[in-house]
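Overview (structure and organization)
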Amino acid sequence: SIPEQPPILKMSYDEAGLHVAATIDDPQPIIHPDRSPSSPHFWEQDHIELRVLPDDNRDLDQVQIILASSGRVLTPEDNPAGVSCDVEVLDSGWELSATRPFDTLKLEKPNPGDVVRGVIAHTRWGNNYPEIRGSAPVQLGFNNSERFGEFVFSDTLPAVTLGELNLVAGEQSEGKTDASVV
């Protein structure tokens, strides 16, 4: 069954493209390093899936990427330049980092404020059955793009939500008050 601890999924971007990082707390990931990305059963292993919709007027023109726990990648074309995926299997789970150039996503390099619709999801494969946690309420196959969320590109870091934040003011020097987080 799907681990109780939700996966940590992060996305960022720069000149090289879109970056995806994931930390999955699951000491027994389902990994099939022998399955070729061209196999119809490739997705039947633990993976991160990213789908983007480059054109809102063409629902079925989605770009799908499956980043498998084996470190292999399913892409719409064979071995596109600049695509990378690194996976490290740990005692406590697995970590993934991947880069995808924007042109391989059928996107121009975004500007701050640009919005692309899409979904990112973690699939845990168990008992011949996929268990999926995603960023939007889509059905298996993710083909209902009207339910995709929005990825908003920003050149600043967003606010962080913390369980509790305590600031302690320190001494004032040169007209500034030092503070620390405890």
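Since this is a predicted model, take the numbers as computed values, not measurements. (Residues numbered from 1 in each chain as written. Predicted model: local features only at pLDDT ≥ 70, side-chain atom pairs only at ≥ 80, totals over all residues. Heavy atoms only, no water.)

**A look at the overall build of the protein**
- Each helix and strand in the protein was counted, giving 0 helices and 12 strands.
- Start at the N end of the protein and walk to the C end: the helices and strands fall as β-β-β-β-β-β-β-β-β-β-β-β.
- Here the protein, with 182 residues, has 35% of them falling under the buried criterion.
- For the protein, long-range pairs separated by at least 24 residues make up 56% of all intrachain contacts whose partners lie at least 6 apart in sequence.
- When the accessible surface of the protein is totalled, it reaches about 11100 Å², and 47% of it is carbon and sulfur. (Helix = DSSP H or I, 4+ residues; strand = E, 2+ residues; numbered from the N terminus. Buried < 20%, exposed > 50% of the residue type's maximum accessible area, 1.4 Å probe, protein only. Contact = heavy atoms within 4.5 Å. Areas by Shrake-Rupley, 256 points an atom, 1.4 Å probe, with all protein chains shown as cover.)

**Some remarks on the sheet that holds strand E2 (residues 17-24)**
- Spatially, 4 strands are ordered E1-E2-E7-E6 in an open sheet, and the strand pairing comes out antiparallel. At either margin of the open sheet sits one strand with a lone partner, and together these are strand E1 (8-14) and strand E6 (84-89). Each adjacent strand pair in this sheet contributes to an overall mean axis angle of 10°, direction not counted.
- The sheet contact formed by E1 and E2 spans 7 bridges and is antiparallel. In the sheet register, Leu-9 faces E2, and the bridge partner there is Ala-22. (Pairing = 2+ DSSP bridges. Axes fitted to C-alpha atoms, helices over the stretch in contact; angles between N-to-C directions.)

**Observations concerning the nonpolar core**
- In this structure, Ile-48, Leu-50, Leu-67, Leu-96 and Leu-105 are the most contacted members of the largest nonpolar core, which totals 23 residues.
- Considering every element that reaches this core, the biggest residue donor is E2, with 4 residues.
- Setting aside residues no more than four positions away along its own chain, Ile-48 makes contact with Leu-9, Val-20, Ala-22, Ile-24, Ile-65, Ile-66, Leu-67, Trp-94, Leu-96, Ile-120, Ala-121 and His-122.
- Listed in part, the 5 residues of the second largest apolar core include Leu-53, Ala-136, Val-138 and Phe-148. (Core = buried A, V, L, I, M, F, W, Y, C linked by side-chain atoms within 4.5 Å.)

**Describing unusual backbone geometry**
- Phi angles above zero are rare outside glycine, and Lys-106 is one such case at about 60°.
- Within the secondary structure, Lys-106 is located in the loop between strand E7 (94-100) and strand E8 (115-126).

**Focus: the pairing of strand E3 (residues 47-53)**
- Burial within E3 is extensive, with 7 of its 7 residues counted as buried.
- Where burial is concerned, the two faces of E3 agree: the one with His-47, Glu-49, Arg-51 and Leu-53 and the one with Ile-48, Leu-50 and Val-52 are both buried.
- When E3 meets strand E4 (residues 63-68), the two strands line up antiparallel, connected through 6 bridges. Each bridged residue has a counterpart across the sheet, and for His-47 the counterpart in E4 is Ala-68.

**Brief notes about the packing of aromatic side chains**
- Per the stated rule, a full pass over the model turns up 4 aromatic pairs.
- Note on Tyr-13 and Phe-153: the rings are 4.9 Å apart at their centroids and 85° apart in plane angle, and the pair reads as edge-to-face. A residue pair is termed long-range when its members are at least 10 positions apart, and Tyr-13 in strand E1 and Phe-153 in the loop between strand E10 (149-152) and strand E11 (167-173) qualify at 140 residues. With respect to burial, Tyr-13 and Phe-153 carry one shared label: buried.
- Between Trp-43 and Trp-125 the ring centres are 4.7 Å apart and the planes differ by 80°, which places this aromatic pair in the edge-to-face class. Of the two residues, Trp-43 is situated in the loop between E2 and E3 and Trp-125 in strand E8; the sequence distance between them amounts to 82 residues.
- Classification of Trp-43 as partly exposed rests on a relative accessible area of 24%.
- With relative accessibility at 10%, the residue Trp-125 sits in the buried group.
- Following the ring pairs from residue to residue traces out a cluster consisting of Tyr-13, Phe-102 and Phe-153. (Phe/Tyr/Trp six-rings, centres within 6.5 Å; stacked < 30°, edge-to-face > 60°.)

**Considering the environment of Leu-9**
- Take Leu-9: it is sitting in strand E1.
- Residue classification places Leu-9 among the partly exposed residues on the basis of a relative accessible area of 29%.
- Apart from residues lying up to four places away in sequence, Leu-9 is in contact with Ala-21, Ala-22, Ile-48 and Ile-120.

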